[in-house]
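Residue-level listing of the chains:
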Amino acid sequence: MAALGWLTPRRRSATARSVLAGEASAEAARKSTQDAQLEQPTAEEPQFPVHGDALAAAFFDLDNTVMQGAALFHFGRGLYKRKFFETRDLVRFAWQQAWFRLAGIEDPEHMQDARDSALSIVQGHRVAELMSIGEEIYDEYMAERIWPGTRALAQAHLDAGQKVWLVTAAPVEIAQVIARRLGLTGALGTVAESVDGVYTGKLVGEPLHGPAKAEAVRALAAAEGLDLSRCAAYSDSHNDIPMLSLVGHPYAINPDTKLRKHARGLDWRLRDYRTGRKAAKVGIPAAAGVGAVAGGTAAAIALHNRRRR
């Protein structure tokens, strides 16, 4: 779907809009929570996470870190099934995502079109409606795609008495559904503007991606009284290096080529839960996009064949 464009990288440092997006996401995450196993350490590796450390928390990227593929793509499949948009839109959105992941180059006009289309899909719909649909879509498409290894990492932090947050470019409402179903503390995600519980078709700031993620984590840590040097962050993508660099315990999970190289250079810890075959594809395209590319391309082909019958 069009919202997949939100996942594309922004090769620049944090801007005022990044800060706004990050702060908005942090506020939404805190409001939501108010309303409502790590691998065994080796002899050389100290016990982590530290039990009873109230100043520590963990931040997990979602796509290809916690869940195989892109949450927005799976959500898009669910919305298409419920006739939120046309077949031609799904095919176009899947192709846009596949093209970007393969080319590795951002076309500003291309991405702006994708974001505008995504917002137009939810414009006029109630937030509560999307939350309810998100619960159904999680069971239909997402539950079976959670990486058991990453889920164990998150549970270890919870068992140590620490809070665990998802941090994703996906809409914050969808991220909150996933976090709740996994038993996590909450989620930071892209905030779409709503008035009286109805989406306006605008964003608050910008998509929570790259530098904006780091700003969201920084804002949430300040609000929660956390010590970032004692916190952990987990991601598969080099786009999340700003977030990973904030914390004292960065982990590269199922890393793409650039993140793997960066992590090795800084002696960050790595975990890879993919099969050997999938991990070997890390160079073409980056492993962070394999799930989204495969899903998007398969959907486009299947829909094309169906229309020809």
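Calculation rules
- Residues numbered from 1 in each chain as written.
- Predicted model: local features only at pLDDT ≥ 70, side-chain atom pairs only at ≥ 80, totals over all residues.
- Heavy atoms only, no water.
- Helix = DSSP H or I, 4+ residues; strand = E, 2+ residues; numbered from the N terminus.
- Buried < 20%, exposed > 50% of the residue type's maximum accessible area, 1.4 Å probe, protein only.
- Areas by Shrake-Rupley, 256 points an atom, 1.4 Å probe, with all protein chains shown as cover.
- Bend = angle between axes of the 7 residues up to and from the residue.
- Expected span 1.5 Å × (residues − 1).
- Axes fitted to C-alpha atoms, helices over the stretch in contact; angles between N-to-C directions.
- Parallel < 35°, antiparallel > 145°, perpendicular 65-115°, else oblique.
- Contact = heavy atoms within 4.5 Å.
- Nonpolar A, V, L, I, M, F, W, Y, C, P; charged D, E, K, R; others polar.
- Pairing = 2+ DSSP bridges.
- Right-handed = clockwise from strand over helix to strand, strands pointing away.
- Left-handed = near helix turned anticlockwise from the far one by under 90°.
- Phe/Tyr/Trp six-rings, centres within 6.5 Å; stacked < 30°, edge-to-face > 60°.
- Lys NZ or Arg CZ within 6 Å of the ring centre and 35° of its normal.
- pLDDT = per-residue confidence, 0-100.

(A) Fine view of the overall build of the protein. Helix and strand counts for the protein come out as twelve helices and eight strands. Evaluated residue by residue, the protein yields a buried proportion of 53% over its 309 residues. As displayed, the protein has an accessible area near 13,500 Å², and 52% of this comes from carbon and sulfur atoms.

(B) Fine view of helix 5 (residues 127-142). Within helix 5, the axis deviates most sharply at E136, by approximately 30°. Turning to helix 5, its buried residues number three or more, namely V127, L130, I133, G134, I137, Y138, Y141 and M142.

(C) View of helix 8 (residues 211-224). With 14 residues, helix 8 extends 20 Å between its outermost C-alpha atoms, agreeing within 8% with the 20 Å of an ideal straight helix rising 1.5 Å per residue. Of the residues making up helix 8, those classed as buried are P211, A212, K213, A214, E215, A216, V217, L220 and A221.

(D) View of the packing of helix 2 (residues 71-81) against helix 5. For the pair helix 2 and helix 5, the least separation of the axes is 9 Å and the interaxial angle reads 110°. Between helix 2 and helix 5, the interaxial angle falls into the category roughly perpendicular. From helix 2, A71, H74, F75, R77, G78, L79 and K81 reach across to helix 5, where they touch L130, I133, G134, I137, E140, Y141 and M142. Grouping the amino acids of the contact of helix 2 with helix 5 by side-chain chemistry returns eight nonpolar, three polar and three charged.

(E) Inspection of the pairing of strand 7 (residues 249-253) at higher detail. Burial runs high along strand 7: four of the five residues are buried. Across four bridges, strand 6 (residues 232-235) lies against strand 7 in parallel orientation. Bridge pairing links A233 to P250 in strand 7. Across three bridges, the pairing between strand 7 and strand 8 (residues 269-271) is parallel. Each residue of the ladder has a partner; that of A252, found in strand 8, is L270. The β-α-β motif built from strand 7, the intervening helix 10 (residues 257-266) and the parallel element strand 8 has right-handed crossover chirality.

(F) Representation of the sheet that holds strand 3 (residues 186-190) within the structure. Spatially, 3-2-1-6-7-8 is the arrangement adopted by the six strands of the open sheet, whose pairing is parallel. Across the chains shown, the open sheet's two edge strands, defined by having one partner strand only, are strand 3 and strand 8. When the angles between neighbouring strand axes are averaged without regard to direction, this sheet yields 20°. Across the sheet, helix 8 is in contact with strand 1 (57-61), strand 2 (163-171) and strand 3; its angle to strand 2 comes to roughly 145°.

(G) Structural view of the packing of helix 5 against helix 7 (residues 172-181). Contact pair helix 5 / helix 7: the axes reach a minimum separation of 9 Å and the direction vectors enclose 50°. Between helix 5 and helix 7, the crossing angle belongs to the class labelled oblique. The chirality of how helix 5 crosses helix 7 is right-handed. Along the contact surface, helix 5 presents V127, L130, M131, G134, E135, Y138, D139 and M142, while helix 7 presents E173, I174, Q176, V177, I178, R180 and R181.

(H) Spotlight on the packing of aromatic side chains. One pass over the structure, following the stated rule, counts three aromatic pairs. When the centroid spacing of 6.3 Å and the interplanar angle of 20° are considered together, the rings of F48 and Y251 count as stacked. Taken together, the residues span a long stretch of sequence, with F48 in the loop between helix 1 (16-35) and strand 1 and Y251 in strand 7 at a distance of 203 residues. Grouping residues by exposure puts F48 and Y251 together as buried. Relative to Y234, the ring of F60 has its centre 4.1 Å away and its plane inclined at 5°; by these criteria the two rings are stacked. With F60 in strand 1 and Y234 in strand 6, the pair connects residues that are 174 residues apart, well separated along the chain. Of the two residues, F60 and Y234, neither departs from the other in class, the shared state being buried. Site record: aromatic cluster; members linked through ring pairs are F48, F60, Y234 and Y251. In this arrangement the basic side chain of R269 is found over the ring face of F48, its NZ or CZ atom lying 5.1 Å from the centre.

(I) Highlighting the pairing of strand 2. Where burial is concerned, most of strand 2 is hidden: eight out of the nine residues are buried. Inspection of the sheet shows strand 1 paired to strand 2 by five bridges, in the parallel sense. Within the sheet, the bridge partner assigned to A58 lies in strand 2 and is V164.

(J) How the structure looks around the confidence of the model for the protein. Summarising the model, the protein shows a mean pLDDT of 78, and 70% of its residues fall at 70 or more. Note that pLDDT drops below 50 for residues 37-43; the model gives that stretch 16 contacts with residues more than four away or on any other chain.

(K) How the structure looks around unusual backbone geometry. Despite not being glycine, N64 shows a phi value in the positive range, around 65°. Checked against the element boundaries, N64 lands in the loop between strand 1 and helix 2. Classification of N64 by relative accessible area gives buried; the value is 7%. In this structure, D196 is a non-glycine residue whose phi angle is positive, near 55°. Tracing the chain through its elements places D196 in the loop between strand 4 (192-195) and strand 5 (198-203). Looking at D196, the relative accessible area reads 70%, which means it is exposed.

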